[in-house]
Every structure is written in structure tokens, then in C-alpha cells.
Amino acid sequence: MTTLNSVGHATPRIDALKRVTGGATYTADIAVPNMLYARVLRSPHPHARIRKIDLSKAQALPGVKTILTHDNCDIIWSSGDTRNKRYLFNNPVRFAGDAVAAVAAVDRYVAEEALRLIEVDYETLPFVLEPEEALKPDAPEIQPGGNLSPNNQGKAEPAIEKRGNIEEGFKAADHVFEDRYQTPHINNAQLEPRASMAHWEGDKLIVYASTQGIANCRTDIAKDMKIPVEKVQVICQYMGGGFGNKNQCHDFDLMAAELSKRADAPVRLEFTRKEDFISVHGRWPTVQYYKVGVKNDGMLTAIQMRGYSGMGPYRKGAGDISGVEVYQVPHVEKTSYMVYTNKAVSANFRAPAYPQGVFALESVMDDAAHGLKMDPLEFRLKNYTRKFRDQQPYSSSGLEDCLRKGAERFGWKQRWRPAAADTGVVKRGVGMGMGMFPSSLGRSNAILRVDSKGNYDVHVGVTDCGTAAKTTMALIAAEALEAPLDRITVIWGDTDTCPYSVGESGSRTTVFTGQAVIEAAKDLKKQIAEKGLPKGDQFWRADAAPNPQLRDLARYSFTAHFAEVEVDTETGHIRVTKFVAAHDSGRIVNPLTAESQVKGGATTGIGMALHEQLLYDKRSGLPLTAGYYNARIMTHMDAPEIEVVWVETDDPYGPYGAKTLGEPTIIPAVAAVANAFFNATGKRVKELPLTRDKVLGALSEGALA
Amino acid sequence: MSRKSSSKISRRHFVEGTGAGLVAAATVAPLKGQAPGADVKNRTQGAPSSPPRTKIKFTINGAERGMEVEDHWTLVELLRDHLGLTGSKIGCDRGECGACTVLLDGKSVYSCSQLGVWIDGKSIITIEGLAKNGRLDPLQQAFIDHDGPQCGFCTSGQLMSAKALLMHNPHPSAEEVRAGMTGNICRCSNYNHYVEAVLAASAAGPSTGSGGNAA
Ligand code: FES
Ligand code: FES
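Residues numbered from 1 in each chain as written. Chains lettered and ligands numbered in written order. Predicted model: local features only at pLDDT ≥ 70, side-chain atom pairs only at ≥ 80, totals over all residues. Heavy atoms only, no water.

## A short note on the packing of helix 4 (residues 138–145) of chain B against helix 7 (residues 191–204) of chain B
Residues and elements named next belong to chain B.
Line of reasoning, step 1. Relative to each other, helix 4 and helix 7 sit at 135°, their axes nearing to 8 Å. As judged from the angle between their axes, helix 4 and helix 7 are oblique. For the crossing formed where helix 4 meets helix 7, the hand is right-handed. Contacts between helix 4 and helix 7 involve Pro138, Leu139, Ala142 and Phe143 from the former and Tyr194, Ala197, Val198, Ala200 and Ala201 from the latter.
Line of reasoning, step 2. In terms of residue class, the contact of helix 4 with helix 7 is made up of nine nonpolar, no polar and no charged. (Axes fitted to C-alpha atoms, helices over the stretch in contact; angles between N-to-C directions. Helix = DSSP H or I, 4+ residues; strand = E, 2+ residues; numbered from the N terminus. Parallel < 35°, antiparallel > 145°, perpendicular 65-115°, else oblique. Left-handed = near helix turned anticlockwise from the far one by under 90°. Contact = heavy atoms within 4.5 Å. Nonpolar A, V, L, I, M, F, W, Y, C, P; charged D, E, K, R; others polar.)

## Focus: the sheet that holds strand 9 (residues 195–201) of chain A
Residues and elements named next belong to chain A.
Line of reasoning, step 1. The seven strands lie next to each other as 3-4-1-12-9-10-11, forming an open sheet whose pairing is mixed. Across the chains shown, the open sheet's two edge strands, defined by having one partner strand only, are strand 3 (64–69) and strand 11 (232–235). Across the sheet, the mean angle separating the axes of adjacent strands is 20° when strand polarity is ignored.
Line of reasoning, step 2. In the sheet, strand 9 pairs with strand 10 (residues 204–208) via five bridges, with the strands oriented antiparallel. From the neighbouring strand, Ala198 faces strand 10, where its bridge partner is Val207.
Line of reasoning, step 3. Where helix 3 (residues 108–117) meets the sheet, its contacts fall on strand 1 (36–42), strand 3, strand 4 (99–105) and strand 12 (267–270), and the angle it forms with strand 1 comes to roughly 25°. (Pairing = 2+ DSSP bridges.)

## Looking at the domain arrangement of chain A
Residues and elements named next belong to chain A.
Line of reasoning, step 1. When cut into domains, chain A gives domain 1 (27–125 + 191–241 + 246–279), domain 2 (282–440 + 552–699) and domain 3 (441–544).
Line of reasoning, step 2. The interface of domain 2 with domain 3 comprises 19 residues on the first partner and 20 residues on the second.
Line of reasoning, step 3. Ranking the residues of domain 2 by area buried against domain 3 places Ser440, Pro655 and Tyr656 at the top, with a combined share of 41%.
Line of reasoning, step 4. One can count zero salt bridges joining domain 2 with domain 3.
Line of reasoning, step 5. Across the domain 2-domain 3 interface, the total number found is four residue pairs in polar contact (both at pLDDT 80 or more).
Line of reasoning, step 6. Here the side of domain 2 that touches domain 3 is composed, by residue class, of eight nonpolar, eight polar and three charged. (Domains from an automatic or database assignment. Buried area = accessible area lost by both parts, 1.4 Å probe. Salt bridge = Lys/Arg side-chain N within 4 Å of Asp/Glu carboxyl O. Polar contact = N/O pair within 3.5 Å; in protein donor to acceptor, adjacent residues only side chain to side chain.)

## Notes on the packing of helix 15 (residues 591–610) of chain A against helix 16 (residues 669–681) of chain A
Helices that pack against each other are described as a pair by the angle of their axes relative to one another and the distance between those axes.
Residue and element names in this part refer to chain A.
Line of reasoning, step 1. One way to put it is that helix 15 packs onto helix 16 with a least axis distance of 7 Å and a crossing angle of 50°. The orientation of helix 15 with respect to helix 16, classified from their angle, is oblique. Crossing geometry of helix 15 relative to helix 16 is assigned as right-handed. Residues Ala602, Gly605, Ile606, Met608, Ala609 and Leu610 of helix 15 touch helix 16, and the partners they reach there are Ala669, Val670 and Val673.

## Focus on the packing of aromatic side chains
Line of reasoning, step 1. Counted according to the given criterion, the structure contains 18 aromatic pairs over all chains.
Line of reasoning, step 2. The rings of A:Tyr26, A:Tyr238, A:Trp492 and B:Phe153 are connected pair by pair, giving a single aromatic cluster.
Line of reasoning, step 3. Positioned above the aromatic ring of A:Phe349 is the side chain of A:Arg283, whose terminal nitrogen or guanidinium carbon lies 4.6 Å from the ring centre.
Line of reasoning, step 4. Above the plane of the ring of A:Phe410 lies A:Arg415, whose end atom (NZ or CZ) is 5.6 Å from the centre. (Phe/Tyr/Trp six-rings, centres within 6.5 Å; stacked < 30°, edge-to-face > 60°. Lys NZ or Arg CZ within 6 Å of the ring centre and 35° of its normal.)

## Overview of the interface of chain A and chain B
As a measure of interface size, the accessible area lost when the parts come together is often cited.
Line of reasoning, step 1. The partner chain B presents 80 residues to the 87 residues of chain A that form the contact.
Line of reasoning, step 2. For the pairing of chain A and chain B, the buried interface totals around 6700 Å² over both sides, and the portion due to carbon and sulfur atoms is 57%.
Line of reasoning, step 3. At the boundary of chain A with chain B, the tally comes to eight salt bridges.
Line of reasoning, step 4. Two residues, B:Lys89 and A:Asp29, come together in a salt bridge whose shortest N-O distance is 2.4 Å.
Line of reasoning, step 5. Inspection of the region where chain A meets chain B yields 35 residue pairs in polar contact (both at pLDDT 80 or more).
Line of reasoning, step 6. Contributions of two or more residues to the side of chain A that touches chain B are made by helix 1 (16–21), helix 3, strand 8 (186–187), strand 9, strand 10, strand 11, helix 8 (273–279) and helix 15 of chain A.
Line of reasoning, step 7. The leading source of residues in the side of chain A that touches chain B is helix 15 of chain A, at nine residues.
Line of reasoning, step 8. Its residues assigned to classes, the side of chain A that touches chain B comprises 46 nonpolar, 24 polar and 17 charged.

## Things to note about the side chain of A:Lys694
Residues and elements named next belong to chain A.
Line of reasoning, step 1. For Lys694, the location among the structural elements is in helix 17 (residues 692–699).
Line of reasoning, step 2. Although Lys694 lies buried, it forms no salt bridge, and the closest oppositely charged side chain, Glu687, sits 4.3 Å away as judged by the N-O distance.
Line of reasoning, step 3. Side-chain polar atoms of Lys694 contact the backbone oxygen of Glu687, separated by 3.5 Å.
Line of reasoning, step 4. Once residues lying within four places of it in the same chain are set aside, the contact partners of Lys694 are Val685, Glu687, Leu688 and Pro689. (Buried < 20%, exposed > 50% of the residue type's maximum accessible area, 1.4 Å probe, protein only. Lys, Arg positive; Asp, Glu negative; His and termini not counted.)

## Details of helix 14 (residues 509–531) of chain A
Line of reasoning, step 1. For helix 14 of chain A, spanning 23 residues, the distance from its first C-alpha to its last is 32 Å, which sits close to the expected 33 Å at 1.5 Å a residue.
Line of reasoning, step 2. After helix 14 of chain A finishes, the residue A:Gly532 shows a positive phi value of roughly 75°. (Expected span 1.5 Å × (residues − 1).)

## A word on the sheet that holds strand 6 (residues 159–163) of chain A
All names here are of chain A.
Line of reasoning, step 1. Taking strand neighbours across the sheet as the criterion, the five strands line up as 6-16-15-14-7 in an open arrangement whose pairing is mixed. Because the sheet does not close on itself, it has two edges, and the strands there are strand 6 and strand 7 (175–183). Neighbouring strand axes in the sheet, compared pairwise and without regard to direction, differ in orientation by 5° on average.
Line of reasoning, step 2. Here strand 6 runs beside strand 16 (residues 331–339); their pairing, made up of five bridges, is antiparallel. Note on strand 16: the bridge partner recorded for Ala159 is Ser336.
Line of reasoning, step 3. Each of strand 7, strand 14 (286–294) and strand 15 (300–310) is contacted by helix 9 (residues 354–371), which is oriented at about 150° to strand 7, the strand it contacts most.

## Brief notes about the nonpolar core
All names here are of chain A.
Line of reasoning, step 1. In this structure, Ile303, Phe379, Ile488 and Phe579 are the most contacted members of the largest nonpolar core, which totals 170 residues.
Line of reasoning, step 2. Considering every element that reaches this core, the biggest residue donor is helix 13 (residues 469–481), with nine residues.
Line of reasoning, step 3. What Phe579 contacts, discounting residues up to four positions off in sequence, is His561, Phe562, Ala563, Ala602, Ile606, Glu641, Ile642, Glu643, Ala669 and Val673. (Core = buried A, V, L, I, M, F, W, Y, C linked by side-chain atoms within 4.5 Å.)

## Some words on the pairing of strand 12 of chain A
Residues and elements named next belong to chain A.
Line of reasoning, step 1. Of the two faces of strand 12, both are covered, the one formed by Val267 and Leu269 as well as the one formed by Arg268 and Glu270.
Line of reasoning, step 2. Strand direction decides the pairing type here: strand 1 and strand 12, joined by three bridges, are parallel. Within strand 12, the position partnered with Leu36 by the bridge is Val267.
Line of reasoning, step 3. As paired strands, strand 9 and strand 12 are joined by four bridges and run antiparallel to one another. Across the sheet, the residue bridging to Ala198 is Val267, located in strand 12.

## Quick word on the environment of A:Ala263
All names here are of chain A.
Line of reasoning, step 1. Looking at where Ala263 falls in the secondary structure, it is placed in helix 7 (residues 251–263).
Line of reasoning, step 2. By relative accessible area, which is 21% here, Ala263 ends up partly exposed.
Line of reasoning, step 3. For the pair Ala263 and Phe388, spaced 125 residues apart in the sequence, the C-alpha separation amounts to 55 Å.
Line of reasoning, step 4. Beyond its immediate stretch of four places on either side in the chain, Ala263 contacts Leu36, Lys65 and Thr66.

## Here's the deal with the pattern of salt bridges
Side chains that differ in sign of charge can pair as their charged atoms come close.
Line of reasoning, step 1. Here the structure, examined in full by the defined rule, presents 55 salt bridges over all chains.
Line of reasoning, step 2. Linking A:Arg39 and A:Glu112 is a salt bridge whose minimum nitrogen-to-oxygen distance equals 2.8 Å. Of the two residues, A:Arg39 is situated in strand 1 and A:Glu112 in helix 3; the sequence distance between them amounts to 73 residues.
Line of reasoning, step 3. Since its relative accessible area comes to 8%, A:Arg39 is described here as buried.
Line of reasoning, step 4. Among the ionic pairs, A:Arg555 bridges to A:Asp651, the shortest N-O distance being 2.8 Å. With a gap of 96 residues between them, A:Arg555 in the loop between strand 21 (540–544) and strand 22 (556–568) and A:Asp651 in the loop between strand 24 (643–646) and helix 16 connect regions that are remote in the sequence.
Line of reasoning, step 5. Given a relative accessible area of 4%, A:Asp651 falls into the buried group.
Line of reasoning, step 6. Among the charged side chains, a network of salt bridges with common partners joins A:Arg39, A:Arg108, A:Glu112, A:Arg268, A:Glu270, B:Glu77 and B:Asp81.

Right, dumping it as C-alpha cells:
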């Protein structure tokens, strides 16, 4: 791979100064004259019909300006449910946390007091929390069409994927391994709580959103508020993380907009941390049944998976269970049921369908290797994917190098011993997992300008949710324009000044928007070559909206993670003592910020393996762990050092060969830790997270495992 | 502040501010002009009952000031809503995340878990007071160099915790840094880089010893 001038060099973020001086302005920092504060009242029941809402006391409270409920507001939040009608305020309410009313008042105290004064008469209904339960014939009905969520064609059927002939696959096998795995609902828990500040200027709506995609947020708001898209401006200059749950428009944007319209004043709506945990969305919980066939020599013959994803009562996310493609295997059958439940809504959280799928898949594969008395690394080297679904060549694949170089850095050969070799009270073990994530190509836009002094403006519709997207765009622009980085100014995060961008979801910004920057830069360079630099206060300008497509190729990023753990068999505590993350994301645009992504993603995956969950009380249907402490989000003390190994493949597509990075970073981490636990103890905990109760249960003959 | 009846900014002015802005500062700066130190008397006019108020004096980022506060304001509310110091963030408002960390008489505290009236006679340093005379604190520079902030929402809190740590223990081990900052959650989980940055700042020099304004 050729060395480049700007791309590929570790570069501090171009907005780092703002981030370390308190100068970065987030949505909840924005205050304007006459601004009202809004708060939301939420259902205390997992399922209930609202008989009556009495607002008289709340409305009589001085300082209360406007109250929205299902009685007076029928706005449909279309991106909140892609199958059914989901109103901003629903009746019946279908999960503990479903919005019942929103109040705008002169300050927070009045708004909160008003919530207490709203009297709601609920008729509680039976509820169901687990997807398998919800599919039983006598289960409470959550949506009118039944609890099996329909597919894209509107049919209430499971999603089925088949390749080869699964029966033949099992016939050809010498051994079959099968098991049931379960993963919980986990909240994204981004540090910035949801906030939206909305304001009308005549018939134009201005929303200071906390969003991963200003363009899709704007389109969605326009659609749901039933106004032309040009009448909506979405601004998001800094945002405090989202990991998938701040994409598109959210109910809080719509509530703020409607409250503002009715009160004729700017409205800032803020969620509390508890609301953020229970009423937004998190990773979908799953139940997965795997059956895997292998030959004596370790070659896979068949993978069968039947999975159930708990979507909560509204279908906001895809709900699939992914990962199988990382294996080369002739016979595959996957059946996935996306099921309505009365838990919090599930949707995208960093690599939405993968970490939970790969946890279960890689656990079964580890069992297979163990059963065959094979080194798990050898097993994977034998069976890793050579072609996508054994058919389509990859544009580039560094998976084998991720396995080999990652293992080498980790010292796998020296560290790995067969399971339960350690006889001490504190047992050491190692584990690994591998994964892949699509790195597609597609449309995004960029507008570049140059002035008479050779300064460049790069207009891109990114928000930079923490990924360093602005810096990435600046580096790509500097490279493509052959200009020094300090000549580049990035203009971002405002739909009035930025063109469409794909939005920071699916880890697509570097590839999609980066390519648009390159195309616009080519055009601008051509103009400068023809006309020279502009004179005086003139500008040359170049627009690009490329929409590159792949032909007969699959494009993926690949990864392998390696973990060493110590298990205290007396306390059930697991500590990660070494961790190596190897990644093929093509060319790395900025190694400094890319390392942050990997370390952050892997750490989040370790938390998912060890202790994070939104736990529900079976009898009341209420969430019990809605907060940082109780959900046991990773802290400084929990986080091990993550060593990063780059496998930079030379991919012919994407900006300078860059592939997707943000999301793959979490995928195999969960499995690596769980497999290390197995290697240490010889016991398998089949339900995440690996909390002490389950660990001790598994150690005492697996009573709870 | 913003609801003070005499301080109306015309809507036109507000929108000009937003429309013209190509970068963050230009977008929001004009909107926040009157937040700092604005008279709060009319703020809750019409509220159910006027909350009790108390006059207090304190030092904020080296400057002394007096103010009448509502007794139920938390310190972070006082800072963000009434002094215009929005660098301290609210991640949870219940003492779990550390995004609101400030120095109170040289010790790190969660400003969401302190009442504003309690700072009478005390000294507060916030993220806005960390750089002095336009010069970044070595911690801030190290946070930039080691790419501490991803989304940046936890960063002010991480910096203030790190500052408190280095004031009391100028040369901590990595383990001591983790222990000292464990009350500061980073969901981007950039813990490795935060620890590296604190160690680098501690190796870089003694400038963090006195705590500067915190004295
Ligand atoms: S906001 Fe104060 S600890 Fe979270
Ligand atoms: S940088 Fe995003 S929470 Fe810490």
C-alpha cells in the first residue's frame, strides 16, 4: 500500500480544543430567550389501557403552558415503528416507560410538578416479557396483528435464510453440537441524555437535535409534522454519543416541535437518565438455538440457527441475528422470529445484530473445537469464510491475518491450554472470537469551496457523534486536494449549510461521505488547474453526489479478538487481564482516533459479556436496573488495556481503500471473553451477562447455567 | 435568565444567529449572550409557590461574586443555567456518571449532587477555569494528544477528576489513575486513552501541583 501525505497519519481531532475546554456546545447547552422546559410523563405499567387523563390540576398550575396527550395529539412517529402506527402518545401503553403526556412550562420545576398533578386512570392489562412466551397462543396480544412482527412484505412470518440442504449437512457430519443461548436487553447508555430544542420561525421549524444524522432526522421530522422538508432545519454541532439510538428523528424532537408550536415559544425537552434507559431503545435481547455439524478433521458441514429477538412492543429495529457468514460452510439454515414484548423497545446499538449473534455462534464453535480436542484458533483458521456465503468473492479480506497476527501479538500459542487446565482458586483462561461487518458503498454528498488565498471549505452533513468524522473528512480533503490540513475548514452539523450525508449509522460516513469529498476535490482541483485560484472575494465551488456500487463482490471489514481472563472461583468475579483486537478495516485514515474506536468498542463488548443488562422484574414487568450503577456500565476500574493490531488490506474501493470501522469493534469481544471463561473453568454460562450468580452457579455443577 | 421579561431578543435576531452560523460557536454564541449573571428574580414568576432564596458569595474560576439563589438549585444548575458555564455536563443528575465534576475548594465533587447554596464562602473551579491566561493545562494538552475525548460529553468531568487527582498525587500509577477517576463514566469507553493522557500530563510537569485557582 502506498504511503499518503495526510491520510494514514495519527492526527488529533480538529475540534479537540473545544472538547477539552468546555467550549463544545451540546443540545442541552443551548438556551434562548423565552425558552420553555418540557418533561414527559411515562407509563408506570408494562401494559395498560388509559381510561381517562385528567389534566385540570396540572393545567391550573401557574407556569404551565402546554400539555400534550393522546387525547389532543395524534402525531404518528413513523420511525418509532416501521410496521404499526406508533403515535407520540399511545393508548394502550405497551411498556413501562411509554410516553403518556408531555408538559412545557416556564421551568423544569414547574414542568415536573405538573407531571405529578396529571391524573391518569389506567386499566392494567396482562403483559409478556420474553419472546418465546409471547409467541404462545394464550399470550397477551401486544399489537393487533399478533405478537410475531411482520416482515417487509407485511407477513407475520419468521425471516428464513437457507443455503445448501441442512439435512444433508448434518448427515455428512461426524459430530453435532447444539445448545441454547440467551442475551439480555442492553441500553446504549450514551453519556448525553436525550434533549431537543425546537423553535418556529413562522412556518419554519428549527430543531437543535442530538442526532447521528441531520439529514434523515430532518426528513423524518418533516414527514411526521406534515410540513415540507425545506421548512425544517436541523442543527447538531456536538453530540454526546448515541451508538445507534440517536439516528433518524426521535419522539422527543417531535414533542419539542409540537409543544413549541402550541406554546408559541422555543421549547427544550430533556429526558432524565432513567427515561433514557427505559424509554428510548437498547440492544434487542435474543434466544438462540444452534445446531452445528462438523467432520472429524474439524471441517464444518452445517449450521442451523433458530432465534427469537424481543423487539419490545414497537418494531423500530431489524431484529436479525447475524454472524454465521463468518464461517465457510455449505449448508445453512437460519430462522429468526422478531417478536413483540412488553419490555423497552429494541433497536440499533453498535453493530445491531452481531455481538449477541456472534457470542452464541462462537460459543458453539468453541464447544465444537473443544469436543474435537482442537485448538480453537486452528479450528477457525480451517473454517473462516473465504467467499461471502461461499459464493461471492470479497473486495478484500484480512480475516486470516487478523487471526494470525492477532494470535501472535496475544501470544496465543504460549497462553492457550485445553479447558480447565488451571487448578488454582483463581483460574486463568484464554478465548477468542471472530466477526465481520458490511462495508457497503453508497450515496452521500459534499460541497467544497476554495477562496483566493487557497483556503478550502468542506461542507459535509456529518455530526461527529464521537467518531472523529470531521477530522476524517478534513484528512481526506487534505489528501485529495494536496493541501495542508490547516487550510481545510469543515462545515458540519446544520442542514441549512450542509448537503445530504448518509448519517453516522452503519459505520458508513468514512466510506460514503469520504468518497463524496474525494469526488468534489477532483472537480475543484480541475477548476483550479483551468482557471487558477479565484480572485478577490470570489470562490470556486464543486459539488459531488457519487453513488458508487459494487459489482459481483462483497465488501466487509473483518476482526478477531483475543482475551485472557482470571476467574475467582470463590467470589465469581471475572477480570480481563489481556486483550488484543485485530482489525481489517482497509486503510486506516487516522490511526489515533481509529484506536479510540477499537478500544471503546472492545471495552463495551467486554461490559456486555461481564455485567451489563437492563434487568426486568418478571412479576411487575418493570425494569430494575435503569441507571449507570445498576446496569453496571463499564468504568475505569473495569476497563483492561486493549492492544490494537491493524491489518490494512489494500481494498480497491472506498476512499483510499478505507473500510468500515466503528461497529466491528464490539462484535467478537463478547465471545472472546465468554470463551476465555470456558477455557479457564471448563464450564459454559449460556446466558449473558456472566454475572457472579451465574458464574458461581456454573462452577457448582452448572445449576444455573 | 431567558424568561426575564425585559430581556427579549427578537426572534429575528435569534434566527439570524442560527442561519448565519457555519460553525458551532457562530451558531449559538449570540443566543446565550444574556445567560451569565442575569437577574433571576422573575424566573419563576407565576410558579406555584416562590421557592426560598438565599444570598451567597463564592469564588468561581478565580473571580469573586455574590448572587441570590433559589435554595433547591443544584450546583450544576447554578453553573449551567445561571452562570452560563455549560462546560460541566449533566449525564445522569444523580451522582452516577461524573460528567458534572468540578473542584470545590480543591476537591472533586459531583456538582449535580451538591446544592448551590452550599457553596457560600467556597471556591469552585470548572472546566472553563482550567486553562489559565489562554494557556492550556498540561492535562488538556495531553487529552488532545492522546485523543481522550470521543463524543466529549464526559470529558469535562474526566479532566476535573484528573486535575483533583494530580493536585493530591502528582505522580500516580496507572492503577491509581483508574481508581481516582473511576467515578467518571465514559460510554465511548475511551478509558485507555484517558489514563494514558493523565500519566503523560503527570510526567510532563509539576504545573498541576498547586491547583492554581483552586487555592
Ligand atoms: S450528572 Fe452528576 S454524576 Fe452524573
Ligand atoms: S468521550 Fe463519549 S462518553 Fe466519554
